[in-house]
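# Descriptive analysis of the structure
Single-letter residue listing:
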Amino acid sequence: MPKEARPSTGEQAKQHALTQLRQAILQGDMAPAQRLVENELAEQFDVTRASIRAALIDLAAEGLVERIRNRGSRVRVVTVEEAVAITECRMVLEGLCAAKAAVAAGDDQLAELADLGRAMTKAVADGEPVTYSELNHELHDKVREFSGQQTAVALLERLNAQLVRHRFQLALRPGRPQQSLSEHLAMIEAITARDPQAAEAAVRAHLTSVIGALRD
């Protein structure tokens, strides 16, 4: 929205600030433990402090921001143990989505997953970990979408938002893309074979591997 057309107060202003702040945190532009000063953010996003405060309250509910009594807000630090606990929850929900997708996905959707598998294989072969990481996220997003399990999808979106930094660090760890590629290809193979039990097992095996990598 152009600056001159952007409202500085009200619900639209809060939503603008919320979107911008969430994106900055998820992309790593705002680091864990970074202080979020309402005056500075209000000036940056051309909204009122009240709009910023309302946005920070929403982000605290999402687990992205920590509000400290008498000290303001900061980007929440997700510890390794928290990341492991969140991944354990993902294991159940993403396993459910994979099983559902194996049954519910159409032939065109299964072809999309196969294409993603080929693109991921190429990214690893070409030594492009950032591209591989992006395709990795797209694969998980597609499996959730194709599952049709909207409750699980909503829960996973909230959980995954807290793991962005850990997942990005894993993606850049030497040897990690090569290891996880076979796990993702097993997921795709099971879903495209329309085998819900194997699809769920493949997701659980992959996220068990993620937990091991987080703890290394």
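Please refer to the structure higher up on the page.
So, here is what we can say about the structure in this document. (Residues numbered from 1 in each chain as written. Predicted model: local features only at pLDDT ≥ 70, side-chain atom pairs only at ≥ 80, totals over all residues. Heavy atoms only, no water.)

## Examining the overall build of the protein chain
Counting its regular elements, the protein chain contains 10 helices and 3 strands. Along the protein chain, helices (α) and strands (β) appear in the sequence α-β-α-α-β-β-α-α-α-α-α-α-α when read from the amino end. Each of the three principal axes of the protein chain carries a C-alpha extent, and together these read 55 × 35 × 30 Å. When contacts within the protein chain are restricted to residue pairs at least 6 apart in sequence, long-range pairs at least 24 apart make up 75% of them. Across the protein chain, the centroid of the 26 positively charged side chains sits 7 Å from that of the 30 negatively charged ones. (Helix = DSSP H or I, 4+ residues; strand = E, 2+ residues; numbered from the N terminus. Contact = heavy atoms within 4.5 Å. Lys, Arg positive; Asp, Glu negative; His and termini not counted. Charge placed at Lys NZ, Arg CZ, Asp CG, Glu CD.)

## Notes on empty space enclosed by the protein
One simple way to see leftover space: roll a probe sized like a water molecule over the atoms. Under the defined criterion, the tally for this structure stands at 3 cavities of 30 Å³ or more. For the largest cavity, the lining is made up of 16 residues, of which Asn136, Arg167, Leu170, His206 and Val210 are closest to its centre. Secondary-structure elements contributing two or more residues to the lining of the largest cavity are α6 (129-147), α8 (164-171), α9 (176-192) and α10 (196-215). With 5 residues, α6 is the single largest residue contributor to the lining of the largest cavity. Here the residues of the lining of the largest cavity are counted per class, giving 6 nonpolar, 7 polar and 3 charged. (1 Å grid on protein atoms, 1.4 Å probe; cavity = no way out; pocket = protein on both sides within 12 Å on 5 of 7 lines; lining within 4 Å. Points joined across faces, edges and corners; volume = space filled by probe spheres on them. Nonpolar A, V, L, I, M, F, W, Y, C, P; charged D, E, K, R; others polar.)

## Describing the layout of surface pockets
In this model, the second largest pocket occupies a volume close to 350 Å³. Every residue lining the second largest pocket is counted, 12 residues in all, and those nearest its centre are Asp141, Arg144, Glu157, Asn160 and Arg167. When contributions to the lining of the second largest pocket are tallied by element, the ones reaching two or more residues are α6, α7 (150-161) and α8. For the lining of the second largest pocket, the leading source of residues is α7, giving 5 residues. Classifying every residue of the lining of the second largest pocket by side-chain character gives 4 nonpolar, 2 polar and 6 charged.

## Side note on the packing of helix α5 (residues 107-125) against α9
Each pair of packed helices gets described by two things: the angle between the helix axes and the distance between those axes. Running from N to C, α5 and α9 cross one another at 165°; their axes reach a closest spacing of 10 Å. In terms of their interaxial angle, α5 and α9 are classed as roughly antiparallel. Judged by the twist between their axes, the crossing of α5 over α9 is left-handed. Residue-level inspection shows Leu110, Leu113, Ala114, Gly117, Met120, Thr121 and Val124 of α5 in contact with α9, the latter providing Pro177, Gln178, Leu181, His184, Leu185, Ile188, Ile191 and Thr192. Partitioned by chemical class, the residues of the contact of α5 with α9 number 10 nonpolar, 5 polar and no charged. (Axes fitted to C-alpha atoms, helices over the stretch in contact; angles between N-to-C directions. Parallel < 35°, antiparallel > 145°, perpendicular 65-115°, else oblique. Left-handed = near helix turned anticlockwise from the far one by under 90°.)

## Observations regarding the sheet that holds strand β2 (residues 65-68)
Spatially, the 3 strands line up as an open sheet ordered β1-β3-β2, and their pairing is antiparallel. Only two strands of the sheet have a single partner each, and these edge strands are β1 (35-36) and β2. The sheet contact formed by β1 and strand β3 (residues 72-75) spans 2 bridges and is antiparallel. Bridged to Leu36 within β3 is Ser73. Lying on the sheet, helix α3 (residues 49-61) is in contact with β1, β2 and β3; it crosses β2 at an angle near 115°. (Pairing = 2+ DSSP bridges.)

## Here's the deal with the nonpolar core
Counting 40 residues, the largest nonpolar core has Leu113, Leu139, Val143 and Ile191 as the members making the most contacts within it. Residue assignment for this core shows that the elements contributing at least two residues are α4 (80-104), α5, α6, α7, α9 and α10. Among the elements that make up this core, the one with the highest residue count is α4 (9 residues). Not counting residues within four places of it along the chain, the set of residues in contact with Val143 comprises Cys97, Ala98, Ala101, Leu113 and Ile191. (Core = buried A, V, L, I, M, F, W, Y, C linked by side-chain atoms within 4.5 Å. Buried < 20%, exposed > 50% of the residue type's maximum accessible area, 1.4 Å probe, protein only.)

## Structural notes on the pairing of β2
Examined bridge by bridge, β2 and β3 share 4 bridges and lie antiparallel to one another. By the bridge assignment, Ile68 is partnered in β3 with Gly72. The hairpin formed by β2 and β3 contains 3 residues between the paired strands, and Asn70 there has a positive phi angle of roughly 65°.

## Side note on the environment of His137
Examined against the element boundaries, His137 turns out to sit in helix α6. When the C-alpha positions of His137 and Ile188 are compared, they lie 14 Å apart, and in sequence the two are 51 residues distant.

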